[in-house]
Amino acid sequence: MPQIIPIRNLKNTAEISEMCHLTKEPIFVTKNGYGDMVIMSMEAYEEKIALLDMLLKIKKAENDAENNRVSDAFTSLKIIREKYNV
C-alpha cells in the first residue's frame, strides 16, 4: 500500500529515509491535501529506471517486428561473422 505523508513531515529526514528503504516503494508527499512530490530510495529508483528501459526496448522490438525490420537467426549470424571476421 502506498505511503502518503504531508510535506511538513519532511523535516524528519532520517525517518523518511528509513521508510523509503524498508518499503522499497515510493512515498507520496502531499501539499495542502494534493499530491506534490514522490520520494524513493536510490535502489527503488534504479529498479524503476531499469524496468522502464527494458519496456522501451521491448516496445521497439515489437515495432521492428510489426514493420518487418527483423531477420532470422542464420542471417543475423552471417552478418555478425562477416562484420567481425569470425
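Residues numbered from 1 in each chain as written. Predicted model: local features only at pLDDT ≥ 70, side-chain atom pairs only at ≥ 80, totals over all residues. Heavy atoms only, no water.

1. Considering the nonpolar core
The test is simple: Among buried residues, the Ala, Val, Leu, Ile, Met, Phe, Trp, Tyr and Cys ones that are joined through side-chain atoms within 4.5 Å form a nonpolar core. Throughout, exposure labels follow a simple rule: accessible area from a 1.4 Å probe, protein chains only, divided by the maximum for the residue type, with under 20% read as buried, over 50% as exposed, and the rest as partly exposed. Working definition: helices are DSSP H or I runs of at least four residues, strands are E runs of at least two. Numbering for both runs from the N terminus. Contacts are assigned to residue pairs that have any heavy atoms within 4.5 Å of one another.
Ile5, Ile16, Met19, Cys20, Ile27 and Val29 form the largest nonpolar core, which has six residues in total. Mapped by element, the contributors of at least two residues to this core are helix H1 (13–23) and strand S2 (27–31). Every residue in contact with Cys20, bar those within four places of it in the chain, is listed here: Glu25, Ile27, Ile39, Met40 and Ser41.

2. Things to note about the sheet that holds strand S3 (residues 34–39)
Condition: Here, strands pair whenever DSSP counts at least two bridges between them. Note on geometry: axes are C-alpha line fits, over the in-contact stretch for helices, and angles between N-to-C directions span 0 to 180 degrees.
Across the sheet, which stays open at both edges, the three strands sit in the order S1-S2-S3 with mixed pairing between neighbours. Because the sheet does not close on itself, it has two edges, and the strands there are strand S1 (3–6) and S3. Looking at each pair of strands side by side, their axes are set apart by 35 degrees on average, direction ignored. Of the pairings in the sheet, the one linking S2 to S3 comprises five bridges and is antiparallel in character. Within S3, the residue paired with Phe28 across the bridge is Val38. Sheet contacts for H1: S1, S2 and S3; angle to S1, the most-contacted strand, approximately 170 degrees.

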